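Architecture at a glance
What follows is the residue order along each chain.
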Amino acid sequence: MDQDETQSLVTTLGLSQLAAERPGEIERALDNARSLAERIPRDLHWSDEPAHVFNANLFTANLFAAKAQQEPHS
Amino acid sequence: MTELAYLSIIDAARMMAEGDLSPVELCQELLARIERLDPTYHAFIKPTPELALTAARAAERKFASGQVESLLQGIPFGLKDIIDLSGVATTCHSKLFADHVAHKDAAVTACLKTAGAIPMGKLSTHEFAIGGPSFDLPWPPAVNPWGGAHFPGGSSSGSGVAVASGMLPAALGTDTGGSVRNPASMCAIVGMKATYGRVSRRGVFPLAYSLDHIGPMTRTVADNAALLQVLAGHDAEDPGSADIAVPDFSAEIAKDIKGLKIGHVRHFYDGDEVAHPDMSRAIDDAADTLRRLGAEVREISLPALSEYATCNRTIIGSEAYAIHRKFLQEQPGDYGALGRQRILTGAGILAADYIDALRLRARLKKKTEAAMAGLDCIITASGLDPAPRLDDAEENARIYPRQCRQPFNVTGQPALVLPAGFSSEGLPLAIQLVGHAWQETRVYRIAHAYEQATAWHKRRPPIKETTH
């Protein structure tokens, strides 16, 4: 990534203050992220789902339970 | 004095119930010890003597009137300072949150208070449970009482130090990539990360929502089971909390382990990575001890340590950055250098890589479960090295990723560490025992059998007292 591309990314990330105050930190962070990404296995099949996905039953059950707990007991 | 400082929860509870120990006396004794030791060991961000004494007097009144509501009644505890205690700042060991006063107790704090336990204060951590050990924060890093100038592990550093040095019999830590188990290992105490969803995360400042666990830290296995008993349970206000029955974690603790099947994961510390020889020997010796106690121990293989580590670090990086993005944009200078650098990694992780890490997580969980089929538990390393010196930044950076705890944050299984000896330099060594999801009771049984067959938990660190 050249300097212009890094600058553009810094602006998109909203990290201009950090980049100005501490030059080099964002570049190091991006290097760390790239090195992590390179180690993620790429042989995952499209049918391999993430460990946690939206679950409507669970979502509504939690919502009702939380609401019931917040309501004062009659 | 020393006897009270190192009294176990179980013994203190029995003595209080029989009228042989006053909760106020124990509380005052430990507050005085904190005052003497903490200038050297920096376990506390803020002791809370007024809250402690008020609670101790209330416990004393209950004992006097014959009301014994829980084993934890009158027992002092400390909280890693990312866990809310109403009316006290939750600083996260950061300038950014120095004045961030909690208006409500965290769910775990409320559990302990309801049980009649005594809140002794807030304990030091790595900044936001990720950036440490650091010397550029408003409070110094905690110091390991074993050795006196060594890293105590992290990020629940103060919790490990306070319990190991006899300032507290119990503390809570949090564990996202090993942060209960690391200080427990380096300070020669017992640390448990129960199954994900077993203990509520409500009121605890998050590092990574899908990996954060809150865990008990104590000096003995039986104490640990007693403490988890009070913390465990469903909380509808924590979306990660599991609505599952809570067993009696001490139910099997006195049973022997004859015939139990234990998988020995050697390749984590003698293949994928190579542990310090003292550590390697201690774990192999522990496996032999379990064999001598009648367990069937056989070597098994799990996926490579690096796969779990990549998965764990990618998820932490992404979720932590999402939590901290606004602060990094607006107040980057209020972080310490190490915390900022570690959290900032998430800024460069693509959404697709985060999703791939979550997909990898599901695969690793499945493979781990398959490898553990028919087994009661596995034994492996916790850390790979004895504690380095606290001021040796290079060595701390080298050993930071060298650990075998992350796999079980990824899989969400219960994982416990306990002392397994000392290095040639006198620094603590540890083993890790890992059970099937929701099988904490079995892990405690095996850990207790090992603990009772050895004497490691009876050793005390060479405490240096500050003289005024």
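Scroll up to find the structure.
A few points on the structure. (Residues numbered from 1 in each chain as written. Chains lettered and ligands numbered in written order. Predicted model: local features only at pLDDT ≥ 70, side-chain atom pairs only at ≥ 80, totals over all residues. Heavy atoms only, no water.)

**Comments concerning the overall build of chain A**
Looking only at helices and strands, chain A has 4 helices and 0 strands in total. Traced from its N-terminal end to its C-terminal end, chain A shows the element sequence α-α-α-α. Looking at chain A as a whole, 23% of its 74 residues qualify as buried. Summed over its atoms, the accessible surface of chain A is roughly 5500 Å², and 55% of this surface lies on carbon and sulfur atoms. (Helix = DSSP H or I, 4+ residues; strand = E, 2+ residues; numbered from the N terminus. Buried < 20%, exposed > 50% of the residue type's maximum accessible area, 1.4 Å probe, protein only. Areas by Shrake-Rupley, 256 points an atom, 1.4 Å probe, with all protein chains shown as cover.)

**Things to note about the interface of chain B and chain A**
Every contact between the two is made by 32 residues of chain B and, on the other side, 34 residues of chain A. With both sides pooled, the region where chain B packs onto chain A buries about 3000 Å², and carbon together with sulfur makes up 56% of that total. Considering only the side of chain B, the residues that lose the most area to chain A are Gln341, Arg359 and Arg363 of chain B, jointly responsible for 20% of the buried surface there. Put simply, aspartate 353 of chain B and arginine 42 of chain A hold a salt bridge, and the shortest N to O gap is 2.9 Å. (Contact = heavy atoms within 4.5 Å. Buried area = accessible area lost by both parts, 1.4 Å probe. Salt bridge = Lys/Arg side-chain N within 4 Å of Asp/Glu carboxyl O.)

**Here's the deal with the pairing of strand 2 (residues 76-80) of chain B**
All names here are of chain B. Of all 5 residues making up strand 2, 5 are buried, and the element is well covered by its neighbours. With 5 bridges joining them, strand 2 and strand 3 (residues 118-123) adopt parallel strand pairing. Within strand 3, the position partnered with glycine 78 by the bridge is glycine 121. Handedness of the β-α-β unit built from strand 2, helix 5 (residues 107-114) and strand 3 comes out right-handed. Here strand 2 pairs with strand 4 (residues 170-175) via 2 bridges, running parallel. Considered in strand 4, the bridge of leucine 79 is made with leucine 172. (Pairing = 2+ DSSP bridges. Right-handed = clockwise from strand over helix to strand, strands pointing away.)

**Focus on the state of the cysteines**
Residues and elements named next belong to chain B. In the structure shown here, the tally under the stated rule is 0 disulfides over all chains. No disulfide involves cysteine 92; its sulfur sits 20 Å from the nearest other cysteine sulfur, which is in cysteine 111. According to the relative accessible area criterion, cysteine 92 is buried, its value standing at 0%. No disulfide involves cysteine 311; its nearest neighbouring cysteine sulfur is the one of cysteine 404, lying 16 Å away. Classification of cysteine 311 as buried rests on a relative accessible area of 1%. (Disulfide = S-S within 2.5 Å.)

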